[in-house]
Amino acid sequence: MKWLYRWLVRKLLRLRYVHASTLIGLPSLVSPDLVTGRDCFINVGAVIGPKVTFGDYVLLGPGVTFTGDDHVYQKVGVPITFSGRPTLRPTIIGDDVWIGAKAIVLAGVAVGSGAIIAANAVVNRDVPPCAIVGGVPARQIGWRFDSETERELHLLGLARGDFERAHSQRKETAIAF
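Residues numbered from 1 in each chain as written. Predicted model: local features only at pLDDT ≥ 70, side-chain atom pairs only at ≥ 80, totals over all residues. Heavy atoms only, no water.

## Examining the sheet that holds strand 13 (residues 122-123)
What links the strands of a sheet is backbone hydrogen bonding, and the strands pair in either a parallel or an antiparallel sense.
Phase 1: With parallel pairing, the five strands of this open sheet are ordered in space as 2-4-7-10-13. Every other strand in the sheet has two partners, leaving strand 2 (29-30) and strand 13 as the edge strands with one partner each. (Pairing = 2+ DSSP bridges. Helix = DSSP H or I, 4+ residues; strand = E, 2+ residues; numbered from the N terminus.)

## Points about the sheet that holds strand 5 (residues 52-54)
Phase 1: The strand order across the open sheet built from three strands is 5-8-11, with neighbouring strands paired in parallel fashion. The strands lining the two open edges of the sheet, one partner per strand, are strand 5 and strand 11 (110-111).
Phase 2: Relative to strand 8 (residues 91-93), strand 5 is paired through three bridges, and the arrangement is parallel. Directly across from Phe54, in strand 8, lies its bridge partner Ile93.

## Details of the side chain of Arg10
Phase 1: One can find Arg10 in helix 1 (residues 2-12).
Phase 2: Asp39 provides the closest opposite charge to the buried, unpaired Arg10, separated from it by 11 Å.
Phase 3: At a separation of 3.5 Å, a polar atom in the side chain of Arg10 contacts the main-chain carbonyl oxygen of Ala20.
Phase 4: For Arg10, the residues in contact, after removing those within four places along its chain, are Leu15, Val18, His19 and Ala20. (Buried < 20%, exposed > 50% of the residue type's maximum accessible area, 1.4 Å probe, protein only. Lys, Arg positive; Asp, Glu negative; His and termini not counted. Salt bridge = Lys/Arg side-chain N within 4 Å of Asp/Glu carboxyl O. Polar contact = N/O pair within 3.5 Å; in protein donor to acceptor, adjacent residues only side chain to side chain. Contact = heavy atoms within 4.5 Å.)

Have a look at this one:
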């Protein structure tokens, strides 16, 4: 039945470029030009503006927003509402990215594969692959893997697709009397 839900959501939101395996929690506001790879998860309350592209295995926490870069504010004597809008820059999210609850990613940002963005962060600049960022504005607070070798192996595995989907197995608990 998951396939039916995913299909209905894609049709309801007119999402032509969203992969069939992507799961979108409703209510969410999603631009019809969103492009996603395989097995993405968009949690409830997401707001995704235009020109956003996800790689494979992207996870969004609840209330994540992709926005900004859409008002001209430098015109002297003209209110912002009448100043027009610049050309919107594309936002690119790499493979295997986890974005925490209520994070905001501004337009034009590129988030490298394997990165983690902390909850409530405001990302206003590019994020390197496998980096962990957080804060307002977001700054790097660590690495997902301890060594450069581990980061490279992870990124190579993502590029090749040579991993097995981990299926959680229920642990059987024996009750002794």
